[in-house]
Every structure is written in structure tokens, then in C-alpha cells.
Amino acid sequence: MVQPLADFHIHTIFSGHAFSTLQEVICAALQRGLTSIAITDHGPARPDGPKLDYFKNLLRQDSLRLLPGLRVLIGVEANIINSSGDLDVPDKLLSELDVVIVGFHNATGYGGSSRAENTNALMRTLKRHRVNVVSHIGDPRFPFPVELEEPIAAASEKGVLVELNQSALHRWKPENVAHYDSVLTLLEKYHSPILMSSDAHISYAVGVFAECERLLREHGRDPVETVNYSESLVDKYFKRIR
Ligand SMILES: [Zn+2]
Ligand SMILES: [Zn+2]
């Protein structure tokens, strides 16, 4: 059976509201047969998130780079913290990390009050910072709707991936399914490669994309076309490793 190779959006207990250690995440990834993962804990603007030093110290753990059979990338899910598109992680540290995910989250100080303001903030983030992935874009679980088309077009042009988020889809809630169906339609329109993210907050969810795959199939797509199944797309979009 063809299996996914990679999951680039995973949280550990350092995110405060997640449940598994780095070791548990790594064991789960190996058990699932993944060959690449990224550890992407929340940026420090979240009250329960780690401090910046956590990311700097994790980057110093050279033994993490030597695990047989599993490439572990070190990343962050940085928070967009104002309408200028500032992030809660300095650009120097963003440049040192392997994977930079950006998104809106509750309780980070961001207080965008309209769809237009949120869209502009995201557009400025994409313009001003190094970004690999946009997390759960405009997701109805968060109070920060965006116009989808403008940022998806901009992301596509810049080689930034816009994820399908398994945590949003796993209960198959109609409004979340409809939202990600719209995201998928636009990703297709702009010829963007499709990335599935587990957004795992516990090790058992690492590398699980069942409902993302269901959405793809219902959309007439084969999940094996996604970045997660493709060694060449993984290399193209996540080659960076120190
Ligand atoms: Zn998130
Ligand atoms: Zn996340």
C-alpha cells in the first residue's frame, strides 16, 4: 500500500495544550513509516506557547539530525500578531529554522476585526517574511476569516504551500468541509501543490490524513498527488536542513 512519507505540522508538549513529547512524536512517525517530519510548536505570543529560547535550543540538538530513517525538521507555527503582518518570531530566527508555518490564533494579541483586515495582514506577512506554509487559512474554527483567493494566489506565486488541515476535518463538520473544499478549488485554480497537515497535538495523530484524503477523493483527486506522498515535492518544498 502506498503510504504518506511526510507530515510537516506537528505540536509537542511545548505548545502547552498538546500532549506528546518529542520522543513520542518521533516513535509515532517511525511506526507510521514516515521519512520526514517537522516539529512546529506555536510561537511565543500564545500564552501557553514556548519561549523563543526553546526554538534556539532545539536547533542546537544535533543528535536529532542523525536519527536513522527519519529526517526531523525544526520549525515553528508563528503567529501573525498585528495588521502589519508582524510575526511573533524574529526574522533572524525564522531564517535559521527549517520550516516556517504562519497563521492566526486566538489569544495572541491579534485583534483583526474584519475579513479585509485579516486578509491584508496575511498578505503583508507573505510579503515581508520567510514562509513555507500557511496554516488553516480562514478556517471557521477561528474568528479570523480571510478572503481566500488573494493570499492563495500570492502564496502560489511565491512557492508557499497552503495546507489542508486534518484537525479541522477529522470530525467532518459540514462548515469545515465546505471551507476546505473552497481552499482546494483555489489551490487547483492556481496550480499549487497540495499539502496535507495533521496539525497533530498528540502522537497518535501524527501522519494521519484520513479526512484530508476523503476530501481529495470527493473532489476527484488522488491523495498520492499531494506533497506528502511525493519524494520530489518534499525535496522541492522542504529541502532546507541545517
Ligand atoms: Zn494552528
Ligand atoms: Zn498547529
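Parameters at a glance
- Residues numbered from 1 in each chain as written.
- Chains lettered and ligands numbered in written order.
- Predicted model: local features only at pLDDT ≥ 70, side-chain atom pairs only at ≥ 80, totals over all residues.
- Helix = DSSP H or I, 4+ residues; strand = E, 2+ residues; numbered from the N terminus.
- Rg over C-alpha atoms; globule rule 2.2 N^0.38 Å.
- Buried ≥ 20, exposed ≤ 12 C-beta atoms within 10 Å, placed from the backbone.
- Contact = placed C-beta atoms within 7 Å.
- Core = buried A, V, L, I, M, F, W, Y, C linked by C-beta atoms within 7 Å.
- Axes fitted to C-alpha atoms, helices over the stretch in contact; angles between N-to-C directions.
- Parallel < 35°, antiparallel > 145°, perpendicular 65-115°, else oblique.
- Nonpolar A, V, L, I, M, F, W, Y, C, P; charged D, E, K, R; others polar.
- Pairing = 2+ DSSP bridges.
- Right-handed = clockwise from strand over helix to strand, strands pointing away.
- Expected span 1.5 Å × (residues − 1).
- Arc of directions from axis to C-beta.

Student: How should I be thinking about the overall build of the chain in this particular structure?
Tutor: Across its full length, the chain holds 9 helices and 7 strands. Relative to a compact globule of 242 residues, whose C-alpha radius of gyration would be 18 Å, the chain shows 16 Å and is just as compact. Counting only C-alpha atoms, the chain reaches 45 × 40 × 30 Å along its principal axes. Relative to its 242 residues, the chain shows a buried fraction of 47%. In the chain, of all internal contacts separated by at least 6 residues, the share reaching a separation of at least 24 is 79%.

Student: Please explain unusual backbone geometry as it appears in this structure.
Tutor: As a rule of thumb, non-glycine residues mostly have phi less than zero, and peptide bonds are mostly trans rather than cis. Phi angles above zero are rare outside glycine, and His191 is one such case at about 55°. Along the chain, His191 falls in the loop between α7 (174-189) and β7 (195-197).

Student: For this particular structure, what's the right way to read the nonpolar core?
Tutor: Across soluble globular proteins, nonpolar side chains have a tendency to be buried as a group. Counting residues in hydrophobic clusters, the biggest one holds 64 residues, and the most contacted among them are Ile37 and Val100. Looking at this core element by element, the count peaks at 5 residues for strand β3 (residues 71-79). Contacts of Ile37, omitting those with residues within four sequence positions, involve Ala6, Asp7, Ile10, Ala29, Leu70, Val72 and Leu73.

Student: Can you help me understand the packing of helix α4 (residues 115-128) against helix α5 (residues 149-158) in this one?
Tutor: Relative orientation and spacing of two packed helices are given, respectively, by the angle between their axes and the distance between those axes. Between α4 and α5, the shortest axis-to-axis distance is 10 Å and the interhelical angle comes to 5°. Considering their axes alone, α4 and α5 lie roughly parallel with respect to each other. Between α4 and α5, the contacting residues are Thr119, Leu122, Met123 and Leu126 on the first element and Glu150, Pro151, Ala154, Ala155 and Lys158 on the second. By residue class, the composition of the contact of α4 with α5 is 6 nonpolar, 1 polar and 2 charged.

Student: I tried to follow the pairing of strand β1 (residues 6-10) on my own but got confused; where do I start?
Tutor: Two faces make up the sheet, and in a regular strand the side chains alternate between them. Of all 5 residues in β1, 5 are buried, a share of seventy percent or more. As paired elements, β1 and strand β2 (residues 36-42) share 3 bridges and run parallel to each other. Note on β2: the bridge partner recorded for Asp7 is Ile37.

Student: Looking at this structure, I do not really get helix α8 (residues 210-218). What am I missing?
Tutor: Quick reminder: α-helices carry 3.6 residues per turn. Residues three or four places apart thus point the same way. Turning to α8, its buried residues are Glu211, Cys212, Glu213, Leu215 and Leu216. Buried-residue contacts for α8 involve β6 (161-165), α6 (166-169), α7 and β7. Count one or two residues on from α8 and you reach Gly220, which has phi positive near 80°.

Student: When you look at the pairing of β2 in this model, what are you seeing that I'm missing?
Tutor: The element β2 is extensively covered by neighbouring structure, given that 7 of its 7 residues are classed as buried. The parallel pair β1 and β2, bridged by helix α1 (residues 22-31), forms a crossover whose chirality is right-handed. Here β2 runs beside β3; their pairing, made up of 7 bridges, is parallel. The residue bridging Ile39 from the neighbouring strand is Ile74, located in β3. In this fold, β2 hands off to helix α2 (residues 52-59), which returns the chain to β3; that crossover is right-handed.

Student: I keep staring at α4 and nothing clicks. Help me out?
Tutor: Look at α4: 20 Å from first C-alpha to last across 14 residues, which is about the 20 Å you get at 1.5 Å a residue. Where α4 is concerned, the buried positions are Asn118, Thr119, Ala121, Leu122 and Thr125. Within α4, the buried residues cover an arc of 160° as seen down the axis, which keeps them to one side.

Student: When you look at the sheet that holds β3 in this model, what are you seeing that I'm missing?
Tutor: In a beta sheet, neighbouring strands pair by backbone hydrogen bonds and run either parallel or antiparallel. Pairing is parallel across the open sheet formed by 7 strands, whose spatial order is β1-β2-β3-β4-β5-β6-β7. The open sheet has two edge strands, β1 and β7, and neither has a second partner.

Student: Quick question: what am I supposed to make of the environment of Leu186 here?
Tutor: Among the secondary structure elements, Leu186 is positioned in helix α7. On a C-alpha basis, the gap between Leu186 and Leu164 in space is 12 Å, while along the polypeptide they are 22 residues apart. In this structure Leu186 touches Leu148, Glu149 and Ile152, once residues within four positions along its chain are discounted.

Student: I'm lost on the environment of Leu64 in this one. Help?
Tutor: With respect to the helices, strands and loops of the structure, Leu64 is situated in the loop between α2 and β3. Its 17 C-beta neighbours within 10 Å are what place Leu64 among the partly exposed residues.

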